[in-house]
Amino acid sequence: FLVGFFGFRQSGKGLESLANAMRTPELSAAGVHLVLVGSSLPRMRGHRSAGEVAPATFEGLDVIDPGLLSAENVSRWLRACDVAALPYEEGLSTRRGTFMVAVAHGLPVVTTFPVRPDLVGICEGDVAFTPTNDSDALARALIRVRDDPAHRAKLTSGSRAVSRRYSW
């Protein structure tokens, strides 16, 4: 079971919550992997960029890090994932290009409640929402996607519907 995160590894993206969720016994089991699609922020003179999440965040996790990828290979990795986990600390918003890419790939998405749902127009059922900075709720949502094929299919359908509504 591949849990995909897509985007730069910077603060505000909820990677600490995702890493903690992946440490729950049900998700740290054999056969569950976290795929980090996207790269670290560009490096300045060999130092970690301001706002970049420390690599230690992922210690002890079964992580697949394909590194810097071409657009075609980003798409291949996203299609290989079973779910996209996008636990933004500020909630889902219309400025989240990483979310739009995930739904364009038809992935079931687990993300955080939008601060302004009236501006987003995406409802529960299109995606699975969790509160911000709640790794337990995030873990439960990911486990449900893994263990409930009907729920996963509903989220896949919802993701595709969002993609059609918000196509470029």
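Quick caveat: nothing in here was measured; it's all calculated off a predicted structure. (Residues numbered from 1 in each chain as written. Predicted model: local features only at pLDDT ≥ 70, side-chain atom pairs only at ≥ 80, totals over all residues. Heavy atoms only, no water.)

**Here's the deal with the overall build of the chain**
Here is step 1: Secondary structure summary: the chain contains six helices and six strands in total.
Here is step 2: Over its C-alpha atoms the chain spans a radius of gyration of 15 Å, differing by no more than 12% from the 15 Å that the globule rule assigns to 168 residues.
Here is step 3: In terms of overall dimensions, the chain has a C-alpha envelope of 45 × 35 × 30 Å along the principal axes.
Here is step 4: Counting over 168 residues, the chain shows a buried share of 49%.
Here is step 5: Contacts in the chain between residues at least 24 apart in sequence constitute 70% of all its contacts with a sequence separation of at least 6.
Here is step 6: Computing the positive centroid from 19 side-chain charges and the negative centroid from 17, the chain places the two 6 Å apart. (Helix = DSSP H or I, 4+ residues; strand = E, 2+ residues; numbered from the N terminus. Rg over C-alpha atoms; globule rule 2.2 N^0.38 Å. Buried < 20%, exposed > 50% of the residue type's maximum accessible area, 1.4 Å probe, protein only. Contact = heavy atoms within 4.5 Å. Lys, Arg positive; Asp, Glu negative; His and termini not counted. Charge placed at Lys NZ, Arg CZ, Asp CG, Glu CD.)

**Here's the deal with the packing of aromatic side chains**
Here is step 1: Counted by the stated rule, this structure contains one aromatic pair.
Here is step 2: Considering the side-chain rings of Phe113 and Phe129, the 5.3 Å spacing of their centres and the 20° angle between planes classify their relative orientation as stacked. Taken as a pair, Phe113 in the loop between strand 5 (109–112) and helix 4 (117–120) and Phe129 in strand 6 (residues 128–130) lie far apart in primary sequence, 16 residues in all.
Here is step 3: Since its relative accessible area comes to 11%, Phe129 is described here as buried. (Phe/Tyr/Trp six-rings, centres within 6.5 Å; stacked < 30°, edge-to-face > 60°.)

**Digging into helix 1 (residues 15–22)**
Here is step 1: With six of eight residues buried, helix 1 lies mostly within the body of the structure.
Here is step 2: On its buried face, helix 1 is in contact with strand 1 (2–6), strand 2 (33–37), strand 4 (83–86) and helix 5 (135–147).

**A look at the pairing of strand 5**
On a regular strand, one side chain projects to one face of the sheet and the next to the other, so that they alternate.
Here is step 1: Alternating positions in strand 5 separate into two faces, Val109 and Thr111 on one and Val110 and Thr112 on the other, with burial throughout.
Here is step 2: Traced from strand 4 through helix 3 (residues 97–104) to strand 5, the parallel crossover comes out right-handed.
Here is step 3: Bridge count for strand 5 against strand 6 is three bridges, and the pairing is parallel. Paired with Val110 across the bridge in strand 6 is Ala128. (Right-handed = clockwise from strand over helix to strand, strands pointing away. Pairing = 2+ DSSP bridges.)

**With respect to the pattern of salt bridges**
Here is step 1: Following the criterion strictly, the structure yields five salt bridges and no others.
Here is step 2: Put simply, Arg165 and Asp126 hold a salt bridge, and the shortest N to O gap is 2.9 Å. Of this pair, Arg165 sits in helix 6 (residues 149–165) while Asp126 sits in the loop between helix 4 and strand 6, and the two are 39 residues apart along the sequence.
Here is step 3: You can call Arg165 partly exposed: its relative accessible area is 45%.
Here is step 4: A residue is classified by how much of its surface remains accessible, and Asp126, at 10% relative accessible area, is buried. (Salt bridge = Lys/Arg side-chain N within 4 Å of Asp/Glu carboxyl O.)

**Things to note about the sheet that holds strand 3 (residues 63–64)**
Here is step 1: With parallel pairing, six strands are arranged side by side in an open sheet as 3-2-1-4-5-6. Only two strands of the sheet have a single partner each, and these edge strands are strand 3 and strand 6.
Here is step 2: Alignment of strand 4 against strand 5, held across three bridges, turns out to be parallel. For Ala85, the partnering residue across the bridge sits in strand 5 and is Val110.
Here is step 3: In the packing of helix 3 onto the sheet, the strands contacted are strand 1, strand 4 and strand 5, and the crossing angle to strand 4 comes to about 170°.
Here is step 4: Contacts between helix 5 and the sheet are confined to strand 1, strand 4, strand 5 and strand 6, with strand 5 contributing the most and set at about 165° to the helix. (Axes fitted to C-alpha atoms, helices over the stretch in contact; angles between N-to-C directions.)

Remember, this is a structural readout, not a statement about activity or role.
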